[in-house]
Amino acid sequence: IEARHPGARVEWQRTGGYSNMKDRLDSDPRVGRLAQRAIEMEGMTPVIKPIRGGTDGSRLSYEGILTPNLFTGGGDFHSRKEWVCVDWMEKSVRVILNLCALWAQER
């Protein structure tokens, strides 16, 4: 911009964004272990892979509430073709209920 517009001055400073929450989640292995178990209790095989996104989970994890990203029943998020499957959404609710029960047993 400065090259195209003589006399213009541009300053840039990075603020905000979100941090990679993997280190926080790795600090308590129970978080991943119980999430995987909750998914298995619904007869599914957990798929563990890094994803881009999860700003809420990242923020909560850095505030001390470890929050892994779990599935919600949808796909193509933040696109014009975003969709949700009601059956999968129902499974995600059952996974969360399983996860609550597993955490209650941990306490």
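Look a little higher up for the structure.
Everything numeric in this text was worked out from a predicted model, so none of it was measured.

Procedures and definitions
Sequence order sets the numbering: in each chain, residues are counted from 1 along the sequence as written. Under the rules for a predicted model, residues below a pLDDT of 70 receive no local features and side-chain atom pairs below 80 are neither given nor counted, while totals for whole chains, interfaces and linings still include all residues. Side-chain metrics rest on all non-hydrogen atoms present in the structure, leaving aside hydrogens and water. In this text, helices come from DSSP runs of H or I with a minimum length of four residues, and strands from runs of E with a minimum of two, each type numbered from the N-terminal end. Exposure categories follow from relative accessible area, calculated using a 1.4 Å probe and restricted to protein chains: below 20% of the type maximum is buried, above 50% is exposed, and the middle band is partly exposed. Polar contact is the term for a pair of N or O atoms within 3.5 Å; when the atoms are in protein, one must be able to donate a hydrogen and the other to accept it, and sequence-neighboring residues count only if both atoms are side-chain atoms. The contact rule is simple, with two residues in contact once any of their heavy atoms fall within 4.5 Å. Salt bridges, as used here, are contacts in which a Lys or Arg side-chain nitrogen is within 4 Å of a carboxyl oxygen on Asp or Glu. Here, nonpolar core refers to any group of buried Ala, Val, Leu, Ile, Met, Phe, Trp, Tyr and Cys residues whose side-chain atoms link them within 4.5 Å.

A.B. asks: Help me out: how do you make sense of the side chain of Ser92 in this one?
C.D. replies: Assignment of secondary structure puts Ser92 in helix α4 (residues 86-106). According to the relative accessible area criterion, Ser92 is buried, its value standing at 8%. Engagement of the side chain of Ser92 in a polar contact is seen with the backbone oxygen of Met89, the distance being 2.6 Å. Residues within four places of Ser92 in sequence aside, it is in contact with Phe71 and Thr72.

A.B. asks: Where do I start with the pattern of salt bridges in this structure?
C.D. replies: Within the structure shown, the criterion is met by 8 salt bridges. The shortest N-O distance in the salt bridge between Lys22 and Asp26 comes to 2.5 Å. A residue pair is termed a helical-turn pair when its members lie 3 or 4 positions apart in one helix, as Lys22 and Asp26 do in helix α1 (residues 22-26) at 4 residues. Arg94 is the salt-bridge partner of Glu90, the closest N and O atoms lying 2.9 Å from each other.

A.B. asks: Would you mind showing me how to read the side chain of Ser61 here?
C.D. replies: On the secondary structure map, Ser61 appears in helix α3 (residues 55-62). Residue classification places Ser61 among the buried residues on the basis of a relative accessible area of 1%. Side-chain polar atoms of Ser61 contact the backbone oxygen of Gly57, separated by 2.8 Å. Looking at Ser61, its side chain comes within polar contact range of the main-chain nitrogen of Thr67, at 3.0 Å. If sequence neighbours within four positions are ignored, Ser61 has contacts with Met21, Arg24, Leu25, Leu66 and Thr67.

A.B. asks: What is the right way to look at the nonpolar core in this model?
C.D. replies: As a rule of thumb, soluble globular proteins bury nonpolar side chains together. Formed by Leu34, Ala38, Ile39, Val95, Leu99 and Leu102, the largest nonpolar core amounts to 6 residues. Listed by contribution, the elements that provide at least two residues to this core are α2 (30-40) and α4.

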